[in-house]
Protein chains: 2
Amino acid sequence: MAADRQERSGARRGGTSYDVARAAGVSQSAVSRCFRPGTSVAPGTRARIIAAADALGYHPNAIAQSLITRRSNLVAVIISNLTNLYYPEVLAELTQQLSERGARVLLFALRSESEIDSVLDLVWRYQVDGAIVAAQLSTEQMLAFAARGTPLVLYNRHSTTVPVASVSCDFGAGSALIAGMVAAGCRAFGLIGGPPDSAVGEARVEGARAELARAGIAPVAVDRGDFSYESGHAAAHRLFAAYHLDAIVAANDVMALGAMDAARIDLAIRIPDDLSVVGFDGVAPAKWRSYLLTTIRQPVRRMTAAATAMLFERIENLDLGPERRFFPGDLIRGATARLG
Amino acid sequence: MAADRQERSGARRGGTSYDVARAAGVSQSAVSRCFRPGTSVAPGTRARIIAAADALGYHPNAIAQSLITRRSNLVAVIISNLTNLYYPEVLAELTQQLSERGARVLLFALRSESEIDSVLDLVWRYQVDGAIVAAQLSTEQMLAFAARGTPLVLYNRHSTTVPVASVSCDFGAGSALIAGMVAAGCRAFGLIGGPPDSAVGEARVEGARAELARAGIAPVAVDRGDFSYESGHAAAHRLFAAYHLDAIVAANDVMALGAMDAARIDLAIRIPDDLSVVGFDGVAPAKWRSYLLTTIRQPVRRMTAAATAMLFERIENLDLGPERRFFPGDLIRGATARLG
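Thresholds, definitions, all that
- Counting starts from 1 at the beginning of each chain's written sequence and moves along it residue by residue.
- Chains carry letters from A onward and ligands carry numbers from 1 onward, assigned in written order.
- At least 70 in pLDDT is required for a residue's local features to be given in this predicted model, at least 80 for side-chain atom pairs to be given and counted, and no such filter applies to totals for whole chains, interfaces and linings, which use all residues.
- Here a strand is any run of E in DSSP of at least two residues, a helix any run of H or I of at least four, and the numbering for each starts at the N terminus.
- For the radius of gyration, the atom set is restricted to C-alpha positions; the globular benchmark scales as 2.2 Å times the number of residues to the power 0.38.
- Whether a residue is buried, exposed or partly exposed follows from its count of other C-beta atoms within 10 Å of its own C-beta, namely 20 or more, 12 or fewer, or something in between, respectively; the C-beta atoms are built from the backbone.
- Throughout, a pair of residues is in contact if the C-beta atoms placed from their backbones lie within 7 Å.
- Strands pair, by our definition, only if DSSP identifies at least two bridges between them.
- Helix axes are fitted only over the stretch in contact, all axes being lines through C-alpha atoms; the angle between N-to-C directions runs from 0 to 180 degrees.
- pLDDT gives the predictor's per-residue confidence on a scale running from 0 to 100.
- Roughly parallel covers angles under 35 degrees, roughly antiparallel covers those over 145, roughly perpendicular covers 65 to 115, and oblique covers all other angles.
- The crossing is said to be left-handed when, going from far helix to near helix, the turn is anticlockwise and less than a right angle, and right-handed when the turn is clockwise.
- We call Asp, Glu, Lys and Arg charged. Ala, Val, Leu, Ile, Met, Phe, Trp, Tyr, Cys and Pro are nonpolar, and the rest, Gly among them, are polar.
- For this quantity, the arc is that covered by the directions from the helix axis to the C-beta atoms.
- One less than the residue count of a helix, multiplied by 1.5 Å, gives the span that helix is expected to have.

Trainee: Now, about the overall build of chain A: what can you tell me, with residues and values included?
Mentor: Looking only at helices and strands, chain A has 13 helices and twelve strands in total. Relative to its length of 340 residues, chain A is extended, with a C-alpha radius of gyration of 26 Å against a globular reference of 20 Å. With the principal axes as the frame, chain A shows a C-alpha extent of 80 × 50 × 35 Å. Buried residues in chain A amount to 48% of all 340 residues. Nonlocal contacts in chain A, meaning residues at least 24 apart in sequence, comprise 68% of its contacts between residues at least 6 apart.

Trainee: Requested: an account of the sheet that holds strand 2 (residues 104–109) of chain A, with residues and values cited.
Mentor: Reading across the sheet, the twelve strands line up as 11(A)-5(A)-4(A)-3(A)-1(A)-2(A)-2(B)-1(B)-3(B)-4(B)-5(B)-11(B) and stay open at both edges, with mixed pairing between neighbours. With partners counted over all chains shown, the strands left at the sheet margins are strand 11 (324–327) of chain A together with strand 11 (324–327) of chain B, one partner each. Put simply, the sheet's adjacent strands are angled 20° from each other on average, direction ignored. One ladder, built from three bridges, connects strand 4 (residues 152–155) of chain A with strand 5 (residues 165–169) of chain A; its direction is parallel. Its bridge partner being in strand 5 of chain A, Tyr155 of chain A is matched across the sheet by Val167 of chain A. Sheet strands touched by helix 6 (residues 86–100) of chain B: strand 2 of chain A together with strand 1 (74–79), strand 2 (104–109) and strand 3 (130–134) of chain B. Its angle to strand 1 of chain B, the strand with the most contacts, is close to 175°.

Trainee: Give me the confidence of the model for chain A: which residues, what numbers.
Mentor: All names here are of chain A. Per-residue confidence for chain A gives a mean pLDDT of 88; residues scoring 70 or more make up 91%. In this model, residues 1–13 is a region of pLDDT below 50 whose contacts with residues beyond four sequence positions or in other chains number ten contacts. Across the whole predicted complex the pTM is 0.81, and at the interface the ipTM reaches 0.79.

Trainee: Outline the sheet that holds strand 7 (residues 221–224) of chain A, listing residues and values.
Mentor: Residue and element names in this part refer to chain A. If you trace the four strands from one edge of the open sheet to the other, you get 7-6-8-9, paired in parallel fashion. Each having just a single partner strand, strand 7 and strand 9 (276–278) make up the two edges of the open sheet. When the angles between neighbouring strand axes are averaged without regard to direction, this sheet yields 15°. Bridging between strand 8 (residues 247–250) and strand 9 involves three bridges; their strand directions are parallel. Bridging from a neighbouring strand, Ala247 pairs with Ser276 of strand 9.

Trainee: Summarise the environment of Gly102 of chain B; cite the residues concerned and give the values.
Mentor: Residue and element names in this part refer to chain B. With respect to the element layout, Gly102 can be found in the loop between helix 6 and strand 2. Judged by the 11 C-beta atoms lying within 10 Å of it, Gly102 is exposed. With 215 residues separating them in the primary sequence, Gly102 and Asn317 have C-alpha atoms 18 Å apart.

Trainee: Before we move on, could you go through the pairing of strand 7 (residues 221–224) of chain B and cite the residues and values that matter?
Mentor: Summarising the sheet, strand 6 (residues 189–193) of chain B and strand 7 of chain B pair through four bridges and their orientation is parallel. Bridge assignment links Gly190 of chain B to a residue of strand 7 of chain B, and that residue is Ala221 of chain B.

Trainee: Could you give me a rundown of the packing of helix 2 (residues 17–24) of chain B against helix 4 (residues 43–56) of chain B, with the residues and numbers involved?
Mentor: Residue and element names in this part refer to chain B. Viewed as axis vectors pointing N to C, helix 2 and helix 4 meet at an angle of 125°, and their least axial separation amounts to 9 Å. With respect to their mutual orientation, helix 2 and helix 4 come out oblique. Taken as a pair, helix 2 and helix 4 cross one another with a handedness that is right-handed. Taken together, the residues of helix 4 that come into contact with helix 2 (itself represented by Asp19, Val20, Ala23 and Ala24) are Arg48, Ile49, Ala52, Ala53, Ala55 and Leu56. For the contact of helix 2 with helix 4, the residue count by class is eight nonpolar, no polar and two charged.

Trainee: So, the packing of helix 6 (residues 86–100) of chain A against helix 13 (residues 300–316) of chain A: which residues are in play, and what are the values?
Mentor: All names here are of chain A. Contact geometry for helix 6 and helix 13: axes closest at 9 Å, N-to-C directions at 45°. Here helix 13 runs oblique to helix 6, going by the angle between their axes. Between helix 6 and helix 13 lies a crossing whose hand is right-handed. Packed against helix 6, whose contacting residues are Glu89, Val90, Glu93, Leu94, Gln97 and Leu98, the element helix 13 presents Val300, Arg301, Thr304, Ala305 and Thr308 at the interface. A per-class count over the contact of helix 6 with helix 13 returns five nonpolar, three polar and three charged.

Trainee: Give a detailed account of helix 2 of chain B, specifying residues and quantitative values.
Mentor: Residue and element names in this part refer to chain B. Where helix 2 is concerned, the buried positions are Ser17, Val20, Ala21 and Ala24. Take helix 2 and look down its axis: the buried residues cluster within an arc of 100°, on one side only. Its buried side turned inward, helix 2 meets helix 3 (28–34) and helix 4. Gly25, located one to two residues past helix 2, shows a positive phi value of around 65°.

Trainee: Summarise helix 6 of chain B; cite the residues concerned and give the values.
Mentor: Think of an α-helix as turning once every 3.6 residues; residues three or four places apart then point the same way. Residues and elements named next belong to chain B. With 15 residues, helix 6 should cover 21 Å at 1.5 Å per step; its first-to-last C-alpha distance of 22 Å lies within 8% of that length. Of all the 15 residues making up helix 6, 13 are buried; the element is thus mostly covered by neighbouring parts of the structure. Gly102, located one to two residues past helix 6, shows a positive phi value of around 80°.

Trainee: Before we move on, can you summarise the environment of Ala213 of chain A with the specific residues and values?
Mentor: Residues and elements named next belong to chain A. Here Ala213 lies in helix 10 (residues 199–214). Given 11 C-beta atoms within a 10 Å radius, Ala213 is considered exposed. Placed 90 residues apart in sequence, Ala213 and Met303 show a C-alpha to C-alpha distance of 29 Å.

Below you can see the structure in the form of structure tokens.
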């Protein structure tokens, strides 16, 4: 048994490229070319090399290769709040899209935004080919990507201070949604934003406020949560205790679901008859029959495809300008808001 | 502007270890030792080197280092269904725990189990230090890890055919839950399992069947879903159309939530008065006030900590035996089952 283990341990790395070359009757450099993306080897030679590699258990060492090609084929994906129900879908799509382009995901899931400096230190050390970041970066942090020539695409946020490529969902459909609520007679709006340092949350609160201002309405009150169900539930209770509201606009779906339950289960407020509640994101639970939330669905597949494409364009050509792409969201007419 | 970009591009990799050595007045090998884990450098020397490295923007190249240490500090995490609401929490915890031990997560999110062969090919190429796998592996695939000397820990499944380390949640609390339902008078049980090739789903269906058999009850019917809300909703409708049931046991929470909504919203069946519904996992939405699902909560933090600890023990010593750890789940007495 111990001898068996030693033998296995000896075979740990499989054969070398020289072993494969000998078995296939080609030069070592032909073997090396065969496994390097974008180089040409005659089809017959390639077939012989691959057969020999399979037989010998040879797998080209991606890490050593990356020293030659200066490409690690690693892309850092930095996400600030993975347990927010919106991000698993984003991560699943990004992983799929990056994988289709031959890149691997080096994942950094932050528990708090303050972890980002230590994460960036690791990002530099692994010499990733690029990064897709769905977390708050400071101006200095964005400039650090530029200074190191590491392509960066921001996901679901954009910068107005630093020229950096980004993909976001715009608030256009949100404006239409709020206009529809006003047209249906809603006048007393309570807003539930995210934490003060969340650019995504702030953009949505400001978008709602601007659309209400166009209708000559100021929101009755703005409260805040941390994007969780419990925080939306608690914020709604604080709002109901202080104000009479006929509409709640939450900065994400999960807080809107918490607000719905605070209203209809705890306080027997009828939705949408006496209170309209809307969210933003289009997460799976918003469609569940107990909720049927009226919301804005982000086109996650299109947005992740765009982020991936933009990142690879910049890996090929770092000098591409800082394109910012805004996708429209889709208004999902659920059952929780009266719309005029 | 173009010149500015070129300059930045020239600074791409920061200074070299030789630059740092010159600035700190030490040898290059001292710089190299300073940044290699587990080597000793005098504190004063270390401080001078780090100050010089910071000033020059030198970051040790993790990839080149891994060729020297034979450790990549990369751990592959392979997850089969990231949009299953249970896994984001697992992934967030694993990422945190691995990161605390200085390892990075190379993430593979499978859309289907059939992708796993191509994923394993990449796992070998990146020479990960080890892998934590929450996906179905064949006997051959598990043996491939052993043959290459790559430590492997299975998460939420275990092998009875191959000696491999694993962490799972046992069905003990599930048995107690079903015994409680029987004691409260439930007799006509419908089970909703996962796909036939899901070991996790099968273990839970078999666990429920065994506990019912102890009470002299055979389930009325077993239907299947794919762990999604919609599939649980559809399976419940098929069951209700064919049988009169007073209990539904679903193999995960999200299918149980779909079954609940099929019963109470579509068919006005009262829960728990006329029908008890239970799930398994303890995902966040199970606690939402619209559901308050009676379920078994997996101790995710303890399980991920155990998986991480077991993996690192095996990275240090590949010859450790194939320990299998089963954690008890916690019975969450929600509001959806009568319990005796």
